[in-house]
Amino acid sequence: MVEQKDAIESALVKYKPLLAKISLGGVVGYSAGYATKKIGRVVLFVAGVGFMVSQSLVYAGYLEIDWMKVTDDAIKSVDTDGDGKLTTDDVKTYWKRFRELMTRKLPNAGGFSLGFLMGVKSG
């Protein structure tokens with residue numbers, strides 16, 4: 001009697017090299033995306049609490065903050081193209097730098113970006 005392979009087994013055998021390449025990049029991408037979202041939540045929480053404390057001190061008269069200067073300085077520090085605004089081009093530049101950092105010398109990093117997005121979504 002001849003054992004028949006089902007469609008999934010056949011596809012796995014056929015695409016094994018491709019799946020191995022995508023899966024390594026995808027798994028590390030997913031892990032990095034998941035961690036990024038978790039860390040981002042903590043950073044945003046700390047920033048929010050810091051803002052509330054600062055604004056409470058401003059309200060009570062203990063502190064003066066020039067929010068326009070804070071805004072201008074913050075934008076200058078993250079503006080990569082020098083246009084004075086935070087745009088999608090700036091975000092793309094940071095994404096490219098981050099992706100290069102995460103995938104340098106990583107074998108088979110092809111699925112990193114997709115895995116990263118999936119990790120961010122599920123984190």
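The sections below set out a description of the structure shown in this document.

Basis of the calculations
Residues numbered from 1 in each chain as written. Predicted model: local features only at pLDDT ≥ 70, side-chain atom pairs only at ≥ 80, totals over all residues. Heavy atoms only, no water. Helix = DSSP H or I, 4+ residues; strand = E, 2+ residues; numbered from the N terminus. Buried < 20%, exposed > 50% of the residue type's maximum accessible area, 1.4 Å probe, protein only. Polar contact = N/O pair within 3.5 Å; in protein donor to acceptor, adjacent residues only side chain to side chain. Salt bridge = Lys/Arg side-chain N within 4 Å of Asp/Glu carboxyl O. Phe/Tyr/Trp six-rings, centres within 6.5 Å; stacked < 30°, edge-to-face > 60°.

1. With respect to unusual backbone geometry
- Of note in the backbone geometry, lysine 105 takes a positive phi value of approximately 60° without being a glycine.
- Mapped onto the elements, lysine 105 comes out in the loop between α4 (88-103) and α5 (112-122).

2. Regarding the side chain of threonine 103
- Looking at where threonine 103 falls in the secondary structure, it is placed in helix α4.
- We classify threonine 103 as buried; its relative accessible area is 18%.
- At 2.7 Å, the side chain of threonine 103 forms a polar contact with the backbone oxygen of arginine 99.

3. Re the pattern of salt bridges
- The tally for this structure, following the rule as stated, stands at 2 salt bridges.
- Residues lysine 69 and aspartate 73 are paired through a salt bridge, measuring 3.1 Å at the closest nitrogen-oxygen approach. Of the two residues, lysine 69 and aspartate 73 are both situated in helix α3 (residues 67-78); the distance of 4 residues between them amounts to about one turn of the helix.
- Looking at lysine 69, the relative accessible area reads 47%, which means it is partly exposed.
- Residue glutamate 100 pairs with arginine 104 through a salt bridge whose shortest N-O separation is 2.6 Å.
- The partly exposed category is assigned to glutamate 100, whose relative accessible area is 39%.

4. Focus on the packing of aromatic side chains
- Counted under the stated rule, the structure contains 7 aromatic pairs.
- Note on tryptophan 95 and phenylalanine 98: the rings are 5.9 Å apart at their centroids and 40° apart in plane angle, and the pair reads as tilted. With tryptophan 95 and phenylalanine 98 both in helix α4 and 3 residues apart, the pair spans about one turn of that helix.
- The class of tryptophan 95 is partly exposed, set by a relative accessible area of 25%.
- Among the residues examined, phenylalanine 98 registers a relative accessible area of 25% and is labelled partly exposed.

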